[in-house]
Amino acid sequence: MNKLKHLVDNKNFYILLIIILSFSVNYYSGFRGVFPIDSFLIFDSGYKVLNNYYPFKDYWSITGPFLDYIQYIFFSIFGVNWKTYIFHAAIINTLLSLVTFFFFNQIGLRKSYSLIYSLSICLLGYPSSGTPFMDHHASIFSLIALMTLILALKKNSNFYWYALPLILGISFFSKQIPSAYFFILFFIVIFLYLSLKKFKDINFL
């Protein structure tokens, strides 16, 4: 009984559970069917980069080149096949779930509640598409950027402030919408935060 309680309270157990479920759910979803154009879009562009074609120069890229090059890396390492393609989306879905778990832990939520939210978001994240897609990448990294901003404001840590533009940049070069809207929102929030902080530091006495 004590061993079971210790296992349930163990953070590594939660992380392992999140990884297994978020990866397997998306991997399963990716084999359930395809959308005629959307499902093959990044597969095609990643294969083009693999064969020395470059976005904007050799073929038309409708959003940003980030997914093309990431898929190219996956194809280079694991080979050109559908499993590798689904593996890409499953990794991003797992990343989102882990970041969500970490985020809720950092703001003081209990591990069990953080687990519930993480498993919920892993079902709603990439499995709706199953395959790499610009809208999902942009939305997921925008959401991760939002969580990073909240932690940066809460913890006032340089790590989060440095990570924020990188994550938002990945989102923007996946697709400009909704990342551009998040950029505007972040600019307003950071401007207000710095203004209020400067105002509080003024000594009126």
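What comes next concerns the included structure. All of these numbers come straight from a predicted model, not from anything done at the bench.

**Regarding the nonpolar core**
(1) Moving on: Ranked by internal contacts, the top residues of the largest apolar core, which has 23 residues, are L96, I140, F141, I144, A145, I167 and F186.
(2) Moving on: Contributions of two or more residues to this core are made by helix 5 (82–106), helix 7 (134–155), helix 8 (158–172) and helix 9 (176–201).
(3) Moving on: Among the elements that take part in this core, helix 7 stands out by supplying eight residues, more than any other.
(4) Moving on: The contacts of I167, once residues within four sequence positions are left out, are F141, I144, A145 and T148.
(5) Moving on: In this structure, W82, Y85, I86 and M134 belong to the second largest nonpolar core, which totals nine residues.

**Quick word on the side chain of N93**
(1) Moving on: By secondary structure assignment, the location of N93 is in helix 5.
(2) Moving on: Apart from residues lying up to four places away in sequence, N93 is in contact with S22, N26, I121, C122, G125, Y126 and P127.

**A few points about the pattern of salt bridges**
(1) Moving on: In this structure the tally under the stated criterion is three salt bridges.
(2) Moving on: One salt bridge in this structure joins K48 and D44, with 3.3 Å as the shortest N-O distance. Here K48 and its partner D44 are both found in helix 3 (residues 38–50), four residues apart, which amounts to about one turn of the helix.
(3) Moving on: Residue K57 pairs with D58 through a salt bridge whose shortest N-O separation is 3.4 Å.

**Quick notes on helix 2 (residues 11–29)**
(1) Moving on: Relative to the 27 Å expected for 19 residues at 1.5 Å per residue, helix 2 spans 27 Å between its end C-alpha atoms, a close match to the ideal helical length.
(2) Moving on: Taken as a whole, helix 2 has its buried residues at Y14, I18, S22, N26 and S29. The buried residues of helix 2 occupy an angular sector of 70° when the element is viewed end-on, so they sit on one face. Opposite the packed face of helix 2, turned more than 90 degrees from it, sit the exposed residues N12, I20 and Y28.

**Some points on the packing of aromatic side chains**
(1) Moving on: Applying the stated criterion to the full structure yields 21 aromatic pairs.
(2) Moving on: Here the basic side chain of R110 rests over the ring of Y113, its NZ or CZ set 5.1 Å away from the ring centre.

**Quick notes on the environment of F141**
(1) Moving on: Considering the arrangement of structural elements, one finds F141 in helix 7.
(2) Moving on: In this structure F141 comes out as buried when scored by relative accessible area, which is 8%.
(3) Moving on: Along the backbone, F141 and L41 are 100 residues apart, and their C-alpha atoms lie at a distance of 19 Å.
(4) Moving on: Filtering out sequence-adjacent residues up to four positions away, F141 remains in contact with I92, L95, I167, I170 and S171.

**Thoughts on the environment of S24**
(1) Moving on: Structurally, the position occupied by S24 is in helix 2.
(2) Moving on: Linking S24 and F87, residues 63 residues apart in sequence, is a C-alpha distance of 9.7 Å.
(3) Moving on: Within the structure, S24 has its side chain in polar contact with the backbone oxygen of L21 (distance 3.2 Å).

Conventions adopted
- Residues numbered from 1 in each chain as written.
- Predicted model: local features only at pLDDT ≥ 70, side-chain atom pairs only at ≥ 80, totals over all residues.
- Heavy atoms only, no water.
- Core = buried A, V, L, I, M, F, W, Y, C linked by side-chain atoms within 4.5 Å.
- Buried < 20%, exposed > 50% of the residue type's maximum accessible area, 1.4 Å probe, protein only.
- Helix = DSSP H or I, 4+ residues; strand = E, 2+ residues; numbered from the N terminus.
- Contact = heavy atoms within 4.5 Å.
- Salt bridge = Lys/Arg side-chain N within 4 Å of Asp/Glu carboxyl O.
- Expected span 1.5 Å × (residues − 1).
- Arc of directions from axis to C-beta.
- Phe/Tyr/Trp six-rings, centres within 6.5 Å; stacked < 30°, edge-to-face > 60°.
- Lys NZ or Arg CZ within 6 Å of the ring centre and 35° of its normal.
- Polar contact = N/O pair within 3.5 Å; in protein donor to acceptor, adjacent residues only side chain to side chain.

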